[in-house]
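Notes for the structure review
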Amino acid sequence: MTSSPSAEPPAPGSADEPADSAGVARDEEFDFRPYIDGAAVLGAAANVIMQLAAPGVGYGVLESPVDSGKLTLHPVKRTRTTLTYLAVALLGSPAERTAYRKAVDTSHRRVRSTDRSPVRYNAFDRDLQLWVAACLYWGARDIRERMRGRPEPDLEETIYRHSARLGTTLQVPPESWPANQAAFDRYWTENLAATRIDPPVRDMLNEIVDLKMFPRPVQLLGGRFNRWVTAGLLPSHLRAEMGMAWSADDERRFDRLLRGLGRVSAALPVPLRSFPINAYLFDFRIRRRFGKKLV
């Protein structure tokens, strides 16, 4: 994973919408709603771990001075911010994506390494943003395939190209998004192998996995299940980095759970299947209309 965090960050909001020449979909008419599955929120903690396993992202989140955006301090607000980003990036109009980019940029300006930081980073580093976007895409693809199988190749590539918005909605240039899924898989394999979880970052991630940011009853009711689901959705070496046990029996039970969820999901109408992502998009539009804070 390459980055140049010591350089000045690129101008916020400078990334353009994907260009056809970069192999990325520009078609605003493509309806992505049928391919959003609310059950993917089960993978939230696993996705956070994958993102923060890039040291620049991990220490950027750990050391961030923006307390209002910390999941461990404000779990409801941070969940809303993240799911709203997914909703706007994948379902929003160009104007909506621009509006949310500007709101996120305001928070990101303060997130950069200091002389005491173990690694150098800033929140406008395009390589780090690409990694975060790749984690979001890979996690959604993984859980969707395990629930409902792979779509037809042409549709799969269209979904992939549309998903470039997960990065280009911020500062990732269209040409940085791998041109097709084969290129993405090469990028993923190479960069995943370079990830690691240092002890301070692991301590923070364990708090998230065990739901320590919620009241004690929520921890007791959901913490153990969340840890099990998170372990099941992590790449094996990150599972080991987190010290999580996983057996062949766990794998069989987890596969049965996901296939069962997939059958239920496939039977639901699109508005129910895409909940809560569609609800967060509605909330964003209401906030924007009445001039409320978006992030």
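Okay, a nonpolar patch on the surface next. Among the surface-exposed residues, Val264, Leu268 and Leu272 lie close enough to one another that they form a single nonpolar patch of about 260 Å² accessible area. As for its position among the elements, valine 264 is in helix α12 (residues 248–267).

On to helix α10 (residues 216–233). For α10, built from 18 residues, the straight-helix expectation of 26 Å at 1.5 Å per residue is met to within 8% by its first-to-last C-alpha distance of 25 Å. At glycine 222, α10 shows its strongest bend, of approximately 45°. Contacts from the buried residues of α10 go to α1 (44–52), α5 (126–148), α9 (199–209), α11 (236–241) and α12.

Our focus in this paragraph is the side chain of threonine 84. Take threonine 84: it is sitting in helix α3 (residues 75–91). Apart from the residues within four sequence positions on either side, threonine 84 is in contact with Tyr100, Tyr280 and Phe284.

For the coordinates displayed, the defined rule picks out 20 aromatic pairs. Ring centres 6.5 Å apart and planes at 50° place the aromatic pair tryptophan 131 and tyrosine 187 in the tilted group. Of the two residues, tryptophan 131 sits in helix α5 while tyrosine 187 sits in helix α8 (residues 181–192), which places them 56 residues apart along the sequence. Each member of the pair, tryptophan 131 together with tyrosine 187, is buried. On the basis of an interplanar angle of 40° and a centroid distance of 6.0 Å, the ring pair of tryptophan 177 and phenylalanine 184 is categorised as tilted. For the pair shown, tryptophan 177 and phenylalanine 184 are each scored as buried. Each residue in the set Trp131, Tyr137, Trp138, Tyr160, Trp177, Phe184, Tyr187 and Trp188 is aromatic and connected to the rest through ring pairs, giving one cluster.

Of note, aspartate 198 is situated in the loop between α8 and α9. Its relative accessible area of 17% is what places aspartate 198 among the buried residues. Put simply, aspartate 198 and leucine 261 are 63 residues apart on the chain and 34 Å apart in space, counted from C-alpha to C-alpha. Engagement of the side chain of aspartate 198 in a polar contact is seen with the side chain of tyrosine 59, the distance being 2.8 Å. Looking at aspartate 198, its side chain comes within polar contact range of the side chain of arginine 196, at 2.9 Å.

Criteria and cut-off values
Residues numbered from 1 in each chain as written. Predicted model: local features only at pLDDT ≥ 70, side-chain atom pairs only at ≥ 80, totals over all residues. Heavy atoms only, no water. Patch = residues over 30% accessible without salt bridge, like charges linked within 9 Å, V, L, I, M, F, W, Y side chains within 5 Å. Areas by Shrake-Rupley, 256 points an atom, 1.4 Å probe, with all protein chains shown as cover. Salt bridge = Lys/Arg side-chain N within 4 Å of Asp/Glu carboxyl O. Helix = DSSP H or I, 4+ residues; strand = E, 2+ residues; numbered from the N terminus. Expected span 1.5 Å × (residues − 1). Bend = angle between axes of the 7 residues up to and from the residue. Contact = heavy atoms within 4.5 Å. Phe/Tyr/Trp six-rings, centres within 6.5 Å; stacked < 30°, edge-to-face > 60°. Buried < 20%, exposed > 50% of the residue type's maximum accessible area, 1.4 Å probe, protein only. Polar contact = N/O pair within 3.5 Å; in protein donor to acceptor, adjacent residues only side chain to side chain.

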